[in-house]
Amino acid sequence: MYAITIPEPGGPEALVWAEVPDPVPGEGEVLVEVVSSAVNRADVLQRQGFYNPPPGASPYPGLECAGRVAALGPGVAGWSVGDEVCGLLAGGGYAEKVVVPAGQLLPVPDGVDLAVAAALPEVTATVWSNVFMVAHLRPGETLLVHGGSSGIGTMAIQLAKAVGARVAVTAGGPEKLARCQELGADVLIDYREQDFVEELRKATDGAGADVILDIVGAKYLDRNVRALAVNGRLAIIGLQGGVKGELNLGALLSKRAAVTATSLRGRPLAEKTAIVAAVREHVWPLIGEGVVRPVVDRTVPMPDAAEAHRVLESSAHIGKVLLLAPTA
């Protein structure tokens, strides 16, 4: 088969479409013939040499895919050759074939094209696990989403609105904010021009956000704590603004607030299986009903993954950037 390889870390040009050995499914694994994958920030970090795959994972980038089941490993039940699926991966999505743990596979939701389904596993698992399983967002509460026009942001807006929450977002510029509003965002904050702490206070009569989903990290840490409501929960899932910040424990104590930080890729198999099961139970029906939908900015041929990385790094996109395998 062919896959995107990274012979040496570097810029987008470091991504090389090359012939590699076919993967073989082991115990409890499924071989998927890939139709599409999606580009995530973690892929960029891997390309740059900053985020190696977990032990035992595929060395090729790609944290999600959609395709058809090509073969079943020993002990797999519930799937058949030919099934159309999408899956959460620890790596290997930028390839013509990939091996997926059976518990991390999902059926393609009703009403979603097979190729587009690659836009779903990573964002739904990330948002559901952090906003709902960890931060326990409830109806009537306010969620602040940083990067509202990103793949994660566009999914977080829709899921929060689906459960009856109020949603505030930060994004850069009127076009991205308008798209967030179309998806249901109630409070629109241009981070280039406005102070999100002050704007959130105005919008909530001084209360602040009950839950904040943050992709920035250190740069926003102090301001996020100030933006939290009493009993607020800050969920950090990205470090685009740095890894080290100063935390005012006094402010945290006075608000009886909590800060959590999680990643998805390196979690144990059992944890990822539980998250995927929760997504199938709670999110998949909403997608099937058309209440929630994937947001795709564009598709790029998989051999041209370098171009997709340039798009992602420019932040010119809204939603997901997909890679189409040559056989798609």
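Quick caveat, the model's predicted, so the values are computed rather than measured.

Parameters and conventions
Residues numbered from 1 in each chain as written. Predicted model: local features only at pLDDT ≥ 70, side-chain atom pairs only at ≥ 80, totals over all residues. Heavy atoms only, no water. Disulfide = S-S within 2.5 Å. Helix = DSSP H or I, 4+ residues; strand = E, 2+ residues; numbered from the N terminus. Polar contact = N/O pair within 3.5 Å; in protein donor to acceptor, adjacent residues only side chain to side chain. Contact = heavy atoms within 4.5 Å. Core = buried A, V, L, I, M, F, W, Y, C linked by side-chain atoms within 4.5 Å. Buried < 20%, exposed > 50% of the residue type's maximum accessible area, 1.4 Å probe, protein only. UniProt positions renumbered as here; feature names shortened; annotations may be inferred.

Some remarks on the state of the cysteines
Right, on to step 1. The final tally for this structure, using the stated rule, is zero disulfides.
Right, on to step 2. With no disulfide of its own, Cys-86 lies 7.9 Å from the sulfur of Cys-65, the closest cysteine sulfur.

Comments concerning the side chain of Thr-124
Right, on to step 1. If you trace the backbone, Thr-124 turns up in helix H2 (residues 121-134).
Right, on to step 2. A distance of 2.7 Å separates a polar atom in the side chain of Thr-124 from the backbone oxygen of Leu-120.
Right, on to step 3. Not counting residues within four places of it along the chain, the set of residues in contact with Thr-124 comprises Met-155, Val-279, Val-283 and Trp-284.

Describing the nonpolar core
Right, on to step 1. Counting 53 residues, the largest nonpolar core has Val-127, Leu-137, Leu-143, Leu-159, Val-169, Val-279 and Trp-284 as its most contacted members.
Right, on to step 2. If sequence neighbours within four positions are ignored, Leu-159 has contacts with Val-127, Trp-128, Phe-132, Val-283, Leu-286 and Val-292.
Right, on to step 3. Residues Ile-4, Trp-79, Leu-89 and Tyr-94 belong to the second largest nonpolar core, which totals 27 residues.

As for the UniProt feature "domain: Enoyl reductase (ER)" (unreviewed entry) in the protein chain
Right, on to step 1. Feature annotation in UniProt assigns "domain: Enoyl reductase (ER)" (unreviewed entry) to the following positions: residues 10-323.
Right, on to step 2. Along residues 10-323, the helical share is 30% and the strand share 25%, with 20 Å between the first and last C-alpha atoms.

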